[in-house]
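# Working through the structure, step by step
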Amino acid sequence: MMGMSGNLVIVESPAKAKTIEKFLGKDYKVVSSFGHIRDLAKKNIGIDIENGFAPDYIIPDEKKKVVAALKKEAKEAKIVWLASDEDREGEAIAWHLTEVLDLKPENVRRIVFHEITKEAIEKAIKNPRQVNLNLVNAQQARRVLDRLVGFEISPILWKKVQPSLSAGRVQSVAVRLLVDREREIISFNSESSFRVTGEFTFTGETGDEGLLKAESTTRFAGEEQALEFVKKCVDAKFTIEDVQVKPGTRSPAPPFTTSTLQQEAFRKLGFSVAQTMSVAQKLYEAGKITYMRTDSTNLSQSAIATATRVIGSEFGDRYSRPRQYKTKSKGAQEAHEAIRPAYMENRETTGSNQEKRLYDLIWKRTLASQMSNAEIERTTISIGMTGSPNGFAAHGEVVKFDGFLKVYRESTDSNGDHAEEGVIPPVKKGMPLGYVTITATERFTTPPPRYTEASLVKKMEELGIGRPSTYAPVISTILNRGYVERGDRPGEKRKVREIILTGGNINHASRTEMAGREKGKLFPQDIGMIVNDFLVQNFSGVLDYNFTAAIERDFDLIAEGERNWTAMLEQFYSPFHKKVTETLEQSERHTGEKLLGKHPETGEPVYVKMGRYGPVAQIGDSSDDQKPRFASLLNDQLIETITLKEALELFRLPRVTGSYEGADLTVGIGKFGPYIRHNNKFYSLKKGVDDPMTITEERAIELIEEKRETERNRIIRTFGDIQILNGRYGPYISYDKTNFRIPKNSDPEKLTEEECREIIAKGNGTGRKGRSGAGKGTAAAKKGSTTAGKGSAAAGKGTTAAKKGSTTAGKGSATAGKGTTTAKKSSTAGNKSKK
């Protein structure tokens, strides 16, 4: 029941409710709406286009109970405080609550705060306001515009490219960035040149010998020019011509915004963007950090004051330099503070390991932003030689005062090969040098790097095509749809030529190095490239970077009350809809088909294209007397780059690699990747380990036995229709397509049927409906995912794929096995789309 005063506070999540409750006392009752309580209807697009784009909102079935409970509470309350998050989406939730719960303006108070602390909550309660309709309309405009684009373009893709594909406005632009970059890499031609480095000795003033490393001031185009130069070094005299010492400073990076936090957590902690947001949200809702969706670098006066105190007591006043940062990004949203700890004096936090690590990162970055510049001394030494105008140079850098570097140093995305510059030995102008070795090494130009999640967020922010609330969902979406895959590439061996001069002798050598190794990069898949080409060809306007950024600015104007939201939609929709109709009528089916050449024996044409279940190679055309033959492409092959030879190889599959237990071992490629078939059972090949073209009988038998072993170990005990199984996250009970956790103190080996039934009766199982057969990708995936078994966690390539697909939100499908808690959480979080 309501407290006497009749104050009801509504927030979006139970975790947030728990934290706020601590500060409000017994006169307030805090309840959760579990995210959004209503959404656009699926029927008729959910938008009445003729009537000024009026949205048709419905309360989804799974929310009806929550809404009924909220209505009851609201009826009994005198005042309803809406305390959803402070951005546009939070404002929209507050508005939906006033509409659905039928709240009267005089009984409603909207409160906002940057952080969930006692001071912030008390201040918010003293300064309530009404729901801000400008913010709500900016959110509605985004939701409606994205729904229009998705619902009108997706059916075109089904007809013209492949069934059940979908297109999103910002997602498609993000995929375009990746495809453009992939093509730059494909068409890149690496060039080589020679870089000459030398190690020189000198005698210091005290008579001690020292060593100086330097690099020639010119690069040489080819081996001949490099050799010519090295020959000149044999008898040359080397002297130090100049020593220049310049002081310099380095300033700390500003405090975190959503995008810089996502970038640094990826580079330093290896978190995916979705994981960062999920962990940051837990920290925010527990009252440990400020709101995690912001593009402001502003810090409150009290935060700056506390940071200054902490720096003074930890490091002394010389390290303190309070500063306020100006926000650079276009249309920075309503949230007016950077991401910082709620209490700067708390050096660390409680919670999961991930929460501790992310908090530590935020604390260090915030503290460093209020610390002194680092003072640096840069030294440049020029070395002259006789017999050549080219010389050598050495660069060094010494930190004279570390300042903020004591706490934090920002990482970069580049994995370039420039070494850290070290200390330069004490040399003076005019000193003679002698060489120890001089080496000319072949160097290759590198293609532009593929994007990581972090560098993609950075690029989207630079172009103004994302906002703090959209980066993580956009990246999760393109991964889940299989347009893009996150992965590693081992790189390729390449020969590097060297010319080495020691003791007057010149030797030629070559060594191998690994080039183009990639880790955690985003690779566009065939289907992503084909959809992208189709959209760029037919909807160049919607996929234009500037246009997408202009739409974001329009949303900002609506939020500021400067633009009417329905007028903005009207302006977008008429030309867009006309284009949709034209494309449906006029454009050709688009399969990305490409003629590779002729079959060497039969002279038939060989093509590659997108088939119904993924990319295929095709031999021959269909004529009356002959059907073309098809073969699936391998996982790491692209339509764009596959060669005739590689395509012909594919037709060697399925092939028999041997026999076992009196039955053939057949290797083939199916919808879910390469497999072995034995006695009509299928066994997946291990990605990155097994090549279907070369796998041996021995290895095939090994894979079969491994799978049988896991199957045997999977079942611990069986009681009729109840099974105790071993899962990826430990033992669990399976009954009627639902999983139940086994309590910590029970031994799964010893559970009786009775005890199992008790656990089931308590009933906090996680639904596995449509996830039957957890071992082999999900059943749902097999049916619905036309991502052709590439990409999504569903991919049915057995666990490895699942593991990959799911690092995303920790809410991803791979967590399904974790049983109850996750399922509960994901239902609360899942409903608020950006959560």
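It should be emphasised that the depicted structure is a prediction, and the values quoted were computed from it without experimental measurement.

The rules behind each value
Residues numbered from 1 in each chain as written. Predicted model: local features only at pLDDT ≥ 70, side-chain atom pairs only at ≥ 80, totals over all residues. Heavy atoms only, no water. Helix = DSSP H or I, 4+ residues; strand = E, 2+ residues; numbered from the N terminus. Buried < 20%, exposed > 50% of the residue type's maximum accessible area, 1.4 Å probe, protein only. Contact = heavy atoms within 4.5 Å. Areas by Shrake-Rupley, 256 points an atom, 1.4 Å probe, with all protein chains shown as cover. Axes fitted to C-alpha atoms, helices over the stretch in contact; angles between N-to-C directions. Parallel < 35°, antiparallel > 145°, perpendicular 65-115°, else oblique. Phe/Tyr/Trp six-rings, centres within 6.5 Å; stacked < 30°, edge-to-face > 60°. Lys NZ or Arg CZ within 6 Å of the ring centre and 35° of its normal. Core = buried A, V, L, I, M, F, W, Y, C linked by side-chain atoms within 4.5 Å. Pairing = 2+ DSSP bridges. Expected span 1.5 Å × (residues − 1). Salt bridge = Lys/Arg side-chain N within 4 Å of Asp/Glu carboxyl O. Left-handed = near helix turned anticlockwise from the far one by under 90°. Nonpolar A, V, L, I, M, F, W, Y, C, P; charged D, E, K, R; others polar. Arc of directions from axis to C-beta.

A few words on the overall build of the protein chain. In terms of helices and strands, the protein chain carries 22 helices and 31 strands. Each of the 835 residues in the protein chain was classed as buried or not, and the buried ones make up 51%. Across the protein chain, every contact between residues at least 6 apart in sequence was considered, and the portion connecting residues at least 24 apart equals 71%. On the protein chain, roughly 40,000 Å² of surface is accessible, and the fraction owed to carbon and sulfur atoms is 50%.

With that settled, consider the packing of helix H1 (residues 14-24) against helix H4 (residues 118-126). Axis separation between H1 and H4 bottoms out at 9 Å; the angle between their running directions is 75 degrees. With respect to their mutual orientation, H1 and H4 come out roughly perpendicular. Mapping the contact onto sequence places Ile20, Phe23 and Leu24 in H1 and Lys118, Ile121 and Ile125 in H4.

On to the packing of aromatic side chains, then. For any pair of aromatic rings, the description rests on two quantities: the centre-to-centre distance and the angle between the ring planes. Within this structure, the stated rule accounts for 18 aromatic pairs. Where Tyr319 meets Phe401, the ring centres are 4.8 Å apart and the plane angle is 45 degrees; that geometry is what we call tilted. Placement of the pair is Tyr319 in the loop between helix H10 (301-315) and helix H11 (353-369) and Phe401 in strand E13 (residues 392-401), with a sequence separation of 82 residues. You can call Tyr319 buried: its relative accessible area is 12%. By relative accessible area, which is 6% here, Phe401 ends up buried. With 6.5 Å between their ring centres and 55 degrees between their planes, Tyr573 and Phe576 make a pair best called tilted. With a gap of three residues between them, Tyr573 and Phe576 both fall in helix H16 (residues 565-586), about one helical turn apart. Each member of the pair, Tyr573 as well as Phe576, carries the same accessibility label: buried. One aromatic cluster in this structure is built from Phe53, Phe539, Phe547, Phe572, Tyr573 and Phe576. The side chain of Arg318 reaches across the aromatic face of Phe401, ending 3.6 Å from its centre. Cation over ring: Arg489 sits above Phe523, and NZ or CZ is 3.8 Å from the ring centre.

Take the nonpolar core next. Counting residues in hydrophobic clusters, the biggest one holds 138 residues, and the most contacted among them are Phe113, Leu157 and Leu358. For this core, the element with the highest residue contribution is helix H5 (residues 133-160), accounting for ten residues. Beyond its immediate stretch of four places on either side in the chain, Leu358 contacts Leu261, Ala265, Leu269, Phe271, Thr276, Val279, Ala280 and Leu283.

The next point concerns the sheet that holds strand E2 (residues 28-32). Reading across from one edge, E2-E1-E7-E8 is the order of the four strands in this open sheet, with parallel pairing throughout. The two strands at the open ends of the sheet, each matched to only one other strand, are E2 and strand E8 (108-110). In this sheet, adjacent strand axes meet at a mean angle of 25 degrees when their direction is disregarded. Note: strand E7 (residues 79-82) against E8, three bridges, orientation parallel.

The terminal C-alpha atoms of H11 lie 25 Å apart, and with 17 residues this matches the ideal 24 Å at 1.5 Å per residue to within 8%. Those residues of H11 lying buried are Glu355, Leu358, Tyr359, Leu361, Ile362, Trp363, Arg365, Thr366, Leu367, Ala368 and Ser369.

This paragraph deals with the pairing of strand E12 (residues 374-385). Side-chain positions along a regular strand alternate between the two faces of the sheet. Relative to E12, strand E11 (residues 238-250) is paired through twelve bridges, and the arrangement is antiparallel. The partner of Asp242 across the bridge, within E12, is Ser382. Note: E12 against E13, nine bridges, orientation antiparallel. Across the sheet, Arg378 pairs through a bridge with Glu397, a residue of E13. Where E12 hands over to E13, the hairpin turn is made up of six residues, of which Gly387 adopts a positive phi near 85 degrees.

This part covers unusual backbone geometry. With an omega of -10 degrees, the peptide bond running from Leu653 to Pro654 counts as cis. One can find Pro654 in the loop between helix H17 (644-650) and strand E23 (655-660). Its identity as a non-glycine residue notwithstanding, Asn44 has a phi of 50 degrees, on the positive side. Position of Asn44 among the secondary structure elements: in the loop between strand E3 (39-40) and strand E4 (47-48). For Asn44, a relative accessible area of 63% puts it in the exposed group. We note that Ser164 has phi near 50 degrees; this positive angle belongs to a residue other than glycine. Within the secondary structure, Ser164 is located in the loop between H5 and helix H6 (169-186).

Under the defined criterion, the tally for this structure stands at 57 salt bridges. Taking the shortest distance from any N to any O, the salt bridge between Glu91 and Arg110 comes out at 2.9 Å. Of this pair, Glu91 sits in helix H3 (residues 88-100) while Arg110 sits in strand E8, and the two are 19 residues apart along the sequence. Residue Glu182 pairs with Arg450 through a salt bridge whose shortest N-O separation is 2.8 Å. Here Glu182 is found in helix H6, whereas its partner Arg450 is found in the loop between strand E14 (432-444) and helix H12 (453-463), with 268 residues between them in sequence. With respect to burial, Glu182 and Arg450 carry one shared label: buried. Three or more residues joined by partner-sharing salt bridges are found here, namely Arg88, Arg142, Asp146, Arg169, Arg467, Glu552 and Asp556.

Bridge count for strand E28 (residues 722-727) against strand E29 (residues 730-735) is five bridges, and the pairing is antiparallel. Along E29, the bridge assignment pairs Ile724 with Ile733. Count of turn residues in the E28/E29 antiparallel hairpin: two residues. Across four bridges, the pairing between E29 and strand E30 (residues 738-741) is antiparallel.

Okay, the packing of helix H8 (residues 258-269) against H11 next. Where H8 contacts H11, the axes come no closer than 11 Å and their chain directions differ by 120 degrees. For H8 against H11, the interelement crossing comes out right-handed. Judged by residue contacts, Thr260, Leu261, Glu264, Ala265, Lys268 and Leu269 of H8 engage Arg357, Leu358, Leu361, Ile362 and Arg365 from H11. Among the residues making up the contact of H8 with H11, the classes are represented as six nonpolar, one polar and four charged.

Another point: H10. For H10, built from 15 residues, the straight-helix expectation of 21 Å at 1.5 Å per residue is met to within 8% by its first-to-last C-alpha distance of 21 Å. Within H10, the full set of buried residues consists of Ala303, Ile304, Thr306, Ala307, Val310 and Ile311. Buried residues along H10 cover an arc of 165 degrees about the axis, so they all sit on one side. Away from its buried face, by an angle of more than 90 degrees, H10 presents the exposed residues Gln301, Ser302, Arg309 and Ser313. In the core, the buried residues of H10 are packed alongside H11. Just downstream of H10, Gly316 is the residue with a positive phi angle, here 95 degrees.

So, about the environment of Ala15. Looking at where Ala15 falls in the secondary structure, it is placed in helix H1. As for Ala15 and Glu285, which are separated by 270 residues in sequence, their C-alpha atoms are 5.9 Å apart.

What follows covers the sheet that holds strand E21 (residues 614-619). The strand order across the open sheet built from four strands is E19-E20-E21-E22, with neighbouring strands paired in antiparallel fashion. This sheet does not close on itself; its edge strands, each paired only once, are strand E19 (594-598) and strand E22 (629-632). Averaged over all neighbouring strand pairs, the angle between strand axes comes to 25 degrees, with direction disregarded. Inspection of the sheet shows strand E20 (residues 605-611) paired to E21 by six bridges, in the antiparallel sense. Each residue of the ladder has a partner; that of Tyr607, found in E21, is Gln618.

Separated by eleven residues in the primary sequence, Tyr319 and Thr308 place their C-alpha atoms 9.2 Å from one another. In contact with Tyr319, not counting residues within four places along its chain, are Ile311, Gln370, Met371, Ser372, Phe401, Asp402, Gly403 and Lys406.

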